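In case you want the letters, here they are:
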Amino acid sequence: MTDPKQPAPKQPPAHAKPAAQQSQGKPEPNVQDLQKQVARLIDIAARAQADLQNFKMRMERDAAELRFFIQSDLLLKILPVLDDLYRAMSHTSSKDGLEQIAKKLEKILWDAGVKKIEAIGARFDPLRHEIVNTGPGEKDIIIAVHEEGYELHGKVLRPAKVQVGDGTDKGT
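Rules behind the numbers
- Residues numbered from 1 in each chain as written.
- Predicted model: local features only at pLDDT ≥ 70, side-chain atom pairs only at ≥ 80, totals over all residues.
- Heavy atoms only, no water.
- Axes fitted to C-alpha atoms, helices over the stretch in contact; angles between N-to-C directions.
- Helix = DSSP H or I, 4+ residues; strand = E, 2+ residues; numbered from the N terminus.
- Parallel < 35°, antiparallel > 145°, perpendicular 65-115°, else oblique.
- Left-handed = near helix turned anticlockwise from the far one by under 90°.
- Contact = heavy atoms within 4.5 Å.
- Nonpolar A, V, L, I, M, F, W, Y, C, P; charged D, E, K, R; others polar.
- Patch = residues over 30% accessible without salt bridge, like charges linked within 9 Å, V, L, I, M, F, W, Y side chains within 5 Å.
- Areas by Shrake-Rupley, 256 points an atom, 1.4 Å probe, with all protein chains shown as cover.
- Salt bridge = Lys/Arg side-chain N within 4 Å of Asp/Glu carboxyl O.
- Phe/Tyr/Trp six-rings, centres within 6.5 Å; stacked < 30°, edge-to-face > 60°.
- Buried < 20%, exposed > 50% of the residue type's maximum accessible area, 1.4 Å probe, protein only.

Our next topic: the packing of helix H2 (residues 31–90) against helix H3 (residues 96–111). The interhelical angle for the contact between H2 and H3, taken along N-to-C directions, is 155°, at an axis separation of 10 Å. Put simply, H2 runs roughly antiparallel to H3. Between H2 and H3 the crossing geometry is left-handed. For the pair H2 and H3, contact is made by Leu-75, Ile-78, Leu-79, Val-81, Leu-82, Leu-85, Tyr-86, Ala-88 and Met-89 and by Leu-98, Glu-99, Ile-101, Ala-102, Leu-105, Glu-106 and Leu-109, respectively. The residue makeup of the contact of H2 with H3, split by class, is 14 nonpolar, no polar and 2 charged.

Take a look at the structure:
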């Protein structure tokens, strides 16, 4: 039973908010605010995903460059050996043994992605050729190769050392 001397507890009006929400003093978010917030979060997620993809591509590119530099260091030490074999073959009459060794070494290099830079008759390219001297011939056209140049996967490993024409006629 209730005591008649005590007043009955007051019931909040039906439109009133619970006490926990009233104490925060924040208005209830409307649908537009929630849609803006969702759009902002979707944008943040899309940017994070794009950043991750860019990071993966950058890491793959960096790994490829690292492999190139590791390979190129070793290959730059091997190429002079191949040059020496060619020189030895040009100074001896029995080339069979040296030729076989040179071919094996060339195959190893070619399988690793090394290619010779074709130079004779080509226009001088400072990124792929190094001028050792000039001589009679068409200007800036390579007329002789003193040391072969090589590329590894399309990047110059060692430029070709060449002789280029100086623009004078061969006959004079």
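The next point concerns a nonpolar patch on the surface. A grouping of Leu-52, Phe-55 and Met-59 is seen on the molecular surface, where their side chains present a nonpolar patch of about 290 Å² in accessible area. Along the chain, the position of Leu-52 falls in helix H2.

Moving on, we come to the packing of aromatic side chains. Under the definition given, this model contains 2 aromatic pairs. Centroid distance Phe-68 to Phe-69: 5.5 Å. Interplanar angle 75°. Geometry classified as edge-to-face. Under the relative-accessibility criterion, Phe-68 is labelled buried at 12%. For the pair Trp-110 and Tyr-150, a centre-to-centre distance of 6.2 Å together with 40° between the ring planes defines the contact as tilted. Within this pair, whereas Trp-110 is found in helix H3, its partner Tyr-150 is found in strand E4 (residues 150–152), the two being separated by 40 residues in sequence.

Time to look at the pattern of salt bridges. Under the counting rule described, the total for this entry stands at 8 salt bridges. Taking the shortest distance from any N to any O, the salt bridge between Lys-107 and Asp-111 comes out at 2.8 Å. Of the two residues, Lys-107 and Asp-111 both sit in helix H3, 4 residues apart, roughly one turn of that helix. Between Glu-147 and Arg-158 there is a salt bridge, and its shortest N-O distance comes to 3.8 Å. A residue pair is termed long-range when its members are at least 10 positions apart, and Glu-147 in strand E3 (residues 142–147) and Arg-158 in strand E5 (residues 155–158) qualify at 11 residues. A network of salt bridges, in which partner residues are shared, links Asp-83, Glu-147, Arg-158 and Lys-161.

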